[in-house]
Amino acid sequence: MLAMGIDFAAVFDEENVPVGLVSFKMLAAALSARYGHALFAKKILRGTLVPSVVFGPIAATQPNEQITLVIPIKQAAVINPALDFFAVQAHLERRPPEHSFDDIIVTSETGTYEGLIPMRDFMKLQMDMLRWQESELRRRNEDMNRTLAQLSQA
């Protein structure tokens, strides 16, 4: 099963557990290649191998190399509601550099699929949170300075 994101779709199994991401570009390239629709349309996404030549120079390191359509879940950005922003940021920084996705898979605490968050929305949310924390810190500093001034006058 697939859940659509921006540039990728989340792939999950029958128990609603995410197994990875599939690139729309790679999927379209595989299906539109010569005989691609007949060869790949009825195959299960997980474990389907496609010759790298179908994807062109972006994927081909060796001409006869077989590339899986599904990027494994361990290389994807996966978060769950139990994580805070700092834990999520640390998790995102550990992704392989060649896999900088536009979508983050969200799971429940039990690991089942809950949805996708576009990376730009996550970053905007994170920036909004940091701005709010900064304003709260400034407000508390002003309160403490007022209190200090009052204590100094007393």
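As shown above, the structure is provided for reference.
In this report, the structure presented in the accompanying data block is examined. As the structure is a prediction and not an experimental result, all values here were calculated from the model.

Basis of the calculations
Residues numbered from 1 in each chain as written. Predicted model: local features only at pLDDT ≥ 70, side-chain atom pairs only at ≥ 80, totals over all residues. Heavy atoms only, no water. Buried < 20%, exposed > 50% of the residue type's maximum accessible area, 1.4 Å probe, protein only. Helix = DSSP H or I, 4+ residues; strand = E, 2+ residues; numbered from the N terminus. Pairing = 2+ DSSP bridges. Contact = heavy atoms within 4.5 Å. Axes fitted to C-alpha atoms, helices over the stretch in contact; angles between N-to-C directions. Salt bridge = Lys/Arg side-chain N within 4 Å of Asp/Glu carboxyl O. Core = buried A, V, L, I, M, F, W, Y, C linked by side-chain atoms within 4.5 Å. Arc of directions from axis to C-beta. Parallel < 35°, antiparallel > 145°, perpendicular 65-115°, else oblique. Left-handed = near helix turned anticlockwise from the far one by under 90°.

Some remarks on the pairing of strand β3 (residues 18-23)
Of all six residues that make up β3, six are buried, and the element is covered over most of its length. Across five bridges, strand β2 (residues 8-12) lies against β3 in antiparallel orientation. Within β3, the position partnered with A9 by the bridge is V22. From the end of β2 to the start of β3, which pair antiparallel, there are five residues, and N16 there has a positive phi angle of about 70°. Two elements, β3 and strand β6 (residues 70-72), share three bridges in a ladder whose sense is antiparallel. If you follow V22 over to β6, its bridge partner there is V70.

Examining the sheet that holds strand β9 (residues 113-118)
Spatial ordering of the open sheet is given by β7-β8-β9, a layout of three strands whose pairing is mixed. Unpaired on one side and paired on the other, β7 (78-79) and β9 mark the two borders of the sheet. Sitting on the sheet, helix α4 (residues 119-153) touches β8 (103-107) and β9, and the angle it makes with β9 is about 80°.

A look at the pattern of salt bridges
Evaluated as defined, the whole model comprises six salt bridges. For R146, the salt bridge goes to D143, with nearest N and O atoms at 2.3 Å. Residue R146 and its partner D143 are located together in helix α4, separated by three residues, close to a single helical turn. With relative accessibility at 29%, the residue D143 sits in the partly exposed group. One network of salt bridges, in which partners are shared, links E136, R139, D143 and R146.

Some thoughts on the pairing of β8
Counting buried residues in β8 gives five out of five residues, a clear majority hidden from the surface. What you see with β8 is no split at all: D103, I105 and T107 on one side and I104 and V106 on the other are buried throughout. In this sheet, β8 lies alongside β7 in parallel orientation, the contact comprising two bridges. Considered in β8, the bridge of V78 is made with I105. Here five bridges tie β8 to β9, and the two strands are oriented antiparallel to one another. Bridging from a neighbouring strand, T107 pairs with Y113 of β9. Connecting the antiparallel pair β8 and β9 is a turn made up of five residues, with G111 showing a positive phi of about 95°.

Some thoughts on the nonpolar core
Core analysis: the biggest nonpolar cluster contains 10 residues, these being A9, V11, V19, V22, M26, L27, A30, I67, L69 and V70. Residue contributions to this core peak at three residues, all from helix α1 (residues 24-32). Core analysis: the second largest hydrophobic core is formed by nine residues, F8, L21, I71 and I105 among them.

Here's the deal with helix α3 (residues 85-93)
Taken as a whole, α3 has its buried residues at V88, Q89 and L92. For α3, the angular spread of buried residues about the axis comes to 100°, placing them on one side. Residues of α3 that are exposed and angled more than 90 degrees away from the buried face: F86 and E93.

Some thoughts on the packing of α3 against α4
Contact geometry of α3 with α4 gives a least axis separation of 11 Å together with a crossing angle of 140°. With respect to each other, α3 and α4 are oriented oblique. In this structure, α3 crosses over α4, and the sense of that crossing is left-handed. On α4, the residues touching F85, F86, V88, Q89 and L92 of α3 are M119, F122, M123, L125, Q126, M129 and Q133.

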